[in-house]
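In case you want the letters, here they are:
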Amino acid sequence: MTTPLQFEQWSHAMQSRIEHVLTTTMPADTETPITLHQAMRYAVLGGGKRVRALLAYAAGEFCGAPLAHIDISAAAVELIHAFSLVHDDMPCMDDDDLRRGKPSTHKQFGDATALLAGDALQSLAFELIASNQLSIEASQKVNILYCLAFATGSRGMAGGQSIDLESTGIKLSQPQLAHMHALKTGALMHAAAMMGAYTAPNADTQKYQAVDTFAKAIGLTFQVVDDILDAEADSATLGKTAGKDAEQDKSTYVTLLGLNTAKSLAQSLYQQALAPLEAYAQEADMLRSLASFITQRQF
Ligand code: GRG
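Residues numbered from 1 in each chain as written. Predicted model: local features only at pLDDT ≥ 70, side-chain atom pairs only at ≥ 80, totals over all residues. Heavy atoms only, no water.

Because an α-helix completes one turn every 3.6 residues, residues spaced three or four positions apart along the sequence face the same direction. Taking 1.5 Å per residue, 20 residues should reach 28 Å; helix H6 (residues 111-130) reaches 29 Å between its end C-alpha atoms and fits that length. Residues of H6 that are buried include every one of Thr113, Ala114, Ala117, Gly118, Leu121, Leu124, Ala125, Leu128 and Ile129, and no others. Viewed along the axis of H6, the buried residues span an arc of 140°, placing them on a single side of the element. Pointing more than 90 degrees away from the buried face of H6 are the exposed residues Ala112, Glu127 and Ala130. Buried residues in H6 make contact with helix H1 (4-25), helix H2 (34-44), helix H4 (67-88), helix H5 (105-109), helix H7 (138-152) and helix H9 (174-198). (Helix = DSSP H or I, 4+ residues; strand = E, 2+ residues; numbered from the N terminus. Expected span 1.5 Å × (residues − 1). Buried < 20%, exposed > 50% of the residue type's maximum accessible area, 1.4 Å probe, protein only. Arc of directions from axis to C-beta. Contact = heavy atoms within 4.5 Å.)

So this is what it looks like as structure tokens:
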């Protein structure tokens, strides 16, 4: 069993690691076109919990991948995540001025540059996986590329965002809400864990299956907790504008179920995430601790 201190040390080490990987793999802010590269780096570096990278590292290690091989998958998923945040904050989407405790990218660089920065971050994610910076078998790369592309597109994050836009002001049922979030938030979390797992050269099918089931449940847990925090926490703690869901008349787990039932749901989804790991001892400890962190997070 990993102690809270051990998890804290591991997560800090992985957060520093991914920051270094991102800092060194992204185009320098002195490279032309300078403003675009500055905006990309602004959107990605120096902020965020890096939960998706942590999922990739924990799932990859669980399946036996060396950390050095997981780096590019972890970076790619964080680039896609940052891209989605840049576009999500723009006036035509959620229209938010605050992200990760600083002005959103479009507030800092203008709408046109923010749009381009998001686009270029998406391309960079796929470029890194395909490049020789990731030295694994070509068949593994194809699995990773497919996984990330699927999770990002209309059957994943972009699709979830589209449902979200169309649902504003409409009361969704719980299955409809779960479907929207499985696409909008869950798909990329699931991809993060699977990309880590696919980095392992010869993991057995049962381990991939365990990661798959774990990641689906923890992706939804993350979103239920997000809804609770949006209702309960303040903007300074979250580093983004709190209370947006109510302001924009969005269906959330809190508006649908109330705070207490939403909290119980988060606990029950957390237990669902742990279930596929029961067959595994120490090797699954970081995945278990990460699940606990996601469920108990305060920001
Ligand atoms: C991505 C193809 C594509 C198009 C853009 C804008 C958009 C479509 C999708 C938005 C997806 C989105 C922003 C979902 C919200 C996910 C979410 C809960 C974000 C917050 O994640 P945290 O708390 O953030 O992990 P940090 O800052 O810690 O990284």
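Having put the structure on the table, let's press on.
Quick look at the packing of aromatic side chains now. If you walk through the whole model with that rule in mind, you get six aromatic pairs. Ring centres of Phe62 and Tyr280 lie 5.0 Å apart, and the angle between their planes is 90°; this geometry places the pair in the edge-to-face category. Separated by 218 residues along the polypeptide, Phe62 in helix H3 (residues 51-63) and Tyr280 in the loop between helix H14 (259-274) and helix H15 (285-296) bring together distant segments of the chain. Between Tyr198 and Tyr208, the aromatic rings sit 5.3 Å apart at their centres with planes inclined by 55°, giving tilted as the arrangement. Within this pair, whereas Tyr198 is found in helix H9, its partner Tyr208 is found in helix H10 (residues 205-232), the two being separated by 10 residues in sequence. Among the aromatic residues, ring-to-ring pairing joins Phe7, Trp10 and Phe293 into one connected group. Directly above the aromatic system of Phe62 lies the positively charged group of Lys207, at a separation of 4.8 Å from the ring centroid. The ring of Phe222 has Arg297 sitting right over it, with the charged end atom 3.8 Å from the ring centre. (Phe/Tyr/Trp six-rings, centres within 6.5 Å; stacked < 30°, edge-to-face > 60°. Lys NZ or Arg CZ within 6 Å of the ring centre and 35° of its normal.)

Glancing now at the site of the ligand. In the region of the ligand, 18 residues are neighbours, and Lys49, Arg52, His81, Arg100 and Met157 sit closest. Contact between the ligand and Lys49: an oxygen atom at 2.6 Å from a side-chain N or O atom of the residue. Considering the ligand on its own, with 740 Å² of exposed area, one finds that the protein chains cover 91% of that surface. Of all the elements in the fold, those that place two or more residues in the shell around the ligand are H4, helix H8 (157-167), H9 and H10. Tallied by class, the residues present in the shell around the ligand amount to five nonpolar, seven polar and six charged. (Near = heavy atom within 4 Å. Polar contact = N/O pair within 3.5 Å; in protein donor to acceptor, adjacent residues only side chain to side chain. Areas by Shrake-Rupley, 256 points an atom, 1.4 Å probe, with all protein chains shown as cover. Nonpolar A, V, L, I, M, F, W, Y, C, P; charged D, E, K, R; others polar.)

This next bit is on the packing of H4 against H6. Any two packed helices are characterised by the angle at which their axes cross and by the distance between the axes. Interhelical geometry of H4 versus H6 gives an angle of 165° and a closest axis separation of 8 Å. What the angle tells us is that H4 and H6 run roughly antiparallel. Like other packed secondary-structure pairs, H4 and H6 cross with a definite hand, here left-handed. Where H4 approaches H6, its residues Ile72, Ala76, Leu79, Ile80, Ala82, Phe83, Val86 and His87 are matched on the opposing element by Ala114, Leu115, Gly118, Asp119, Leu121, Gln122, Leu124, Ala125, Phe126, Leu128 and Ile129. (Axes fitted to C-alpha atoms, helices over the stretch in contact; angles between N-to-C directions. Parallel < 35°, antiparallel > 145°, perpendicular 65-115°, else oblique. Left-handed = near helix turned anticlockwise from the far one by under 90°.)

Moving on to the nonpolar core. Core analysis: the largest hydrophobic core is formed by 80 residues, its most contacted members being Tyr57, Phe62, Leu79, Leu121, Leu148, Met195 and Phe214. By residue number, the principal contributor to this core is H4, which donates 11 residues. The residues contacting Leu121, other than those within four sequence positions of it, are Met26, Met40, Ala43, Val44, Leu79, Ala82 and Phe83. Grouped together as the second largest cluster of nonpolar side chains are 16 residues, Leu177, Val225, Ile228 and Leu269 included. (Core = buried A, V, L, I, M, F, W, Y, C linked by side-chain atoms within 4.5 Å.)

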